[in-house]
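For reference, the chains in residue letters:
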Amino acid sequence: MGINIKPAASKGRRGIKGEAVFGLCAALIPLIGWVLFSLAPIGISFATMFVDMQGYRLETMEWNHFANFKTVFCDAKFWLSFRITVLLLLVQVVSLLVALITSTILAQNLKGTKGFAALFFVPYICSSVAITIIWMTMFDNNYGIINDILVRLFGEGGRVEWYNRAIPYFFMMFIIMAWQAPGYGIVMYKAAFTAVPGELYEAARVDGANKWEQFWHVTLPTIRPTTFFLVMAGIISGMQVFDIPMLLSQALGNSWTGAAGPDDAGLTTMLYIYNKGIMFNNMPEAAVMSFLLFLIIAALTVLNFQVKKRAEL
């Protein structure tokens, strides 16, 4: 009499099939979340570019023959915000230089290097709210420590009205952002420096290269991928700067009017998009600005890749 093993085999197949179904369902959970909370909003915002609508009511959408695009391209305030955002990209340049110089010094393995590296990283992980409040206290027109120092050095003529004039307001924002930004680059560069092969430095010394020549011809080319990544990340984050300008605007009581400091000196593109879409309930124009900003960031990213390719030739 033979032994029938079909039921056992069938049970095994059912078990495997059940595990596969469970695994598929588990994998679909993040995909469903992405479709509902990322892809669907992107699709809706894309559709709102071509319509008029009342507030956030999708049922009120009406085709408007590309009127939103014309309005945005003729909006002088939008282009002002774009110019301010581009100027604030210089923060990323300053941040990159500070990170490179600081990491070069830390790479000398001096006493207390690890402590200094951690100290430089602290501003990057601190809350933007706390940082902005502290710096606003320091920049206070009458009681801030920065004006106290300027008055001691240059007399009353050295006092700067940071909150009442456009150029000082912009530089105040610039300084706050530049103080916070370098920490991430320092950590990245410090890791890149440790990955440079010591044999390259030894070969350069044998060829008679001094410290500067070793840095220029060995260190910089070797850490080029890290530099490329930091430049690309800096462009993307710099074009989307929002938190510090928003906090300064709110602290000055301009948040309900849409103003961002004197003469809108702190009006970045992301802040203007926020004001249009959230404060003034004009989602169609805000959507046009958002997609235009996306295209600009994409173009700058492609340009960065092209520069990288040419540099490697």
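(A) Molecular detail of the overall build of the protein. Along the backbone of the protein there are 15 helices and 2 strands. What you see for the protein is a C-alpha radius of gyration of 27 Å, clearly larger than the 20 Å of a compact globule of 313 residues, by over 25%. Along the longest, intermediate and shortest principal axes, the C-alpha atoms of the protein span 110 × 70 × 40 Å. Every one of the 313 residues in the protein was classed for burial, and the buried ones make up 36%. Sequence separation of at least 24 residues holds for 66% of the intrachain contacts in the protein that already meet a minimum separation of 6. Summed over all atoms, the accessible surface of the protein reaches about 19200 Å², with 69% contributed by carbon and sulfur. Charged side chains in the protein number 22 positive and 18 negative. The centres of these two groups are separated by 13 Å.

(B) Layout of the side chain of Thr269. Its location among the elements puts Thr269 in helix H14 (residues 269–279). Look at Thr269 and you get buried, because its relative accessible area is 1%. Here Ser81 takes part through its backbone oxygen, which lies 3.4 Å from a polar atom of the side chain of Thr269.

(C) Layout of a nonpolar patch on the surface. On the surface, Leu24, Leu28, Leu31, Ile32, Trp34, Val35, Leu36, Phe37 and Leu39 cluster together into a nonpolar patch covering about 890 Å² of accessible area. We classify Leu31 as partly exposed; its relative accessible area is 45%.

(D) Examining the side chain of Thr48 more closely. Within the element layout of this structure, Thr48 appears in helix H1 (residues 6–48). If we ignore the near neighbours within four places in the chain, the residues touching Thr48 are Met53, Met61, Asn68, Met283, Pro284 and Ala287.

(E) Spatial organisation of the pattern of salt bridges. For the structure on display, the rule yields 5 salt bridges. The shortest N-O distance in the salt bridge between Glu59 and Arg57 comes to 3.1 Å. We note a salt bridge from Glu156 to Arg159, for which the minimum N-O separation is 3.2 Å. Relative accessible area serves as the criterion here: at 29%, Arg159 is assigned to the partly exposed category.

(F) Geometry of the environment of Ile244. Here Ile244 lies in helix H13 (residues 243–251). If we ignore the near neighbours within four places in the chain, the residues touching Ile244 are Thr132, Met173, Ile176, Met177 and Gln180.

(G) Inspection of H13 at higher detail. Taken residue by residue, H13 has Ile244, Pro245, Met246, Leu248 and Ser249 as its buried positions. Residues of H13 that are buried make contact with helix H6 (128–138), helix H8 (166–180) and H14.

(H) Focus on the packing of H8 against H13. One can describe the packing of H8 onto H13 by two numbers: an axis separation of 10 Å at closest approach and a directional angle of 135°. Judged by the inter-axis angle, H8 sits oblique to H13. Note that H8 runs across H13; the crossing there is right-handed. Between H8 and H13, the residues in contact are Tyr169, Met172, Met173, Ile176, Met177 and Gln180 and Ile244, Pro245, Leu248 and Ser249, respectively.

(I) Local environment of unusual backbone geometry. For Phe66, which is not glycine, the phi dihedral falls at a positive 65°. Note on placement: Phe66 falls in the loop between strand S2 (62–63) and helix H2 (67–73). In this structure, Asp264 takes a positive phi of about 55° despite not being glycine. Position of Asp264 relative to the elements: it lies in the loop between H13 and H14. Classification of Asp264 as buried rests on a relative accessible area of 14%.

(J) Molecular detail of the packing of helix H4 (residues 90–106) against helix H9 (residues 182–194). Relative to each other, H4 and H9 sit at 45°, their axes nearing to 8 Å. It follows that H4 is oblique to H9 by the angle criterion. In the crossing of H4 with H9, the sense of the turn from one axis to the other is right-handed. Contacts from Ser95, Leu96, Val98, Ala99, Leu100, Thr102, Ser103, Thr104 and Leu106 in H4 reach Pro182, Gly185, Ile186, Tyr189, Lys190 and Phe193 in H9. When grouped by side-chain class, the residues that make up the contact of H4 with H9 number 9 nonpolar, 5 polar and 1 charged.

(K) Quick look at the packing of aromatic side chains. Throughout the structure, instances matching the rule amount to 21 aromatic pairs. Their ring planes at 65° and their centres at 4.7 Å tell us that Phe139 and Trp162 sit as a pair that is edge-to-face. In this pair, Phe139 sits in the loop between H6 and helix H7 (145–154) while Trp162 sits in the loop between H7 and H8, placing the two residues 23 residues apart along the sequence. Note on Phe139: relative accessible area 1%, which makes it buried. You can call Trp162 buried: its relative accessible area is 10%. Ring geometry for Phe170 against Phe171: centres 5.9 Å apart, planes inclined by 85°, an arrangement best described as edge-to-face. Residue Phe171 is classed as partly exposed on the basis of its relative accessible area, which comes to 44%. An aromatic cluster of at least three residues, connected via ring pairs, comprises Phe46, Phe50, Trp63, Phe66, Phe69 and Phe291.

Reading the values: rules and limits
- Residues numbered from 1 in each chain as written.
- Predicted model: local features only at pLDDT ≥ 70, side-chain atom pairs only at ≥ 80, totals over all residues.
- Heavy atoms only, no water.
- Helix = DSSP H or I, 4+ residues; strand = E, 2+ residues; numbered from the N terminus.
- Rg over C-alpha atoms; globule rule 2.2 N^0.38 Å.
- Buried < 20%, exposed > 50% of the residue type's maximum accessible area, 1.4 Å probe, protein only.
- Contact = heavy atoms within 4.5 Å.
- Areas by Shrake-Rupley, 256 points an atom, 1.4 Å probe, with all protein chains shown as cover.
- Lys, Arg positive; Asp, Glu negative; His and termini not counted.
- Charge placed at Lys NZ, Arg CZ, Asp CG, Glu CD.
- Polar contact = N/O pair within 3.5 Å; in protein donor to acceptor, adjacent residues only side chain to side chain.
- Patch = residues over 30% accessible without salt bridge, like charges linked within 9 Å, V, L, I, M, F, W, Y side chains within 5 Å.
- Salt bridge = Lys/Arg side-chain N within 4 Å of Asp/Glu carboxyl O.
- Axes fitted to C-alpha atoms, helices over the stretch in contact; angles between N-to-C directions.
- Parallel < 35°, antiparallel > 145°, perpendicular 65-115°, else oblique.
- Left-handed = near helix turned anticlockwise from the far one by under 90°.
- Nonpolar A, V, L, I, M, F, W, Y, C, P; charged D, E, K, R; others polar.
- Phe/Tyr/Trp six-rings, centres within 6.5 Å; stacked < 30°, edge-to-face > 60°.

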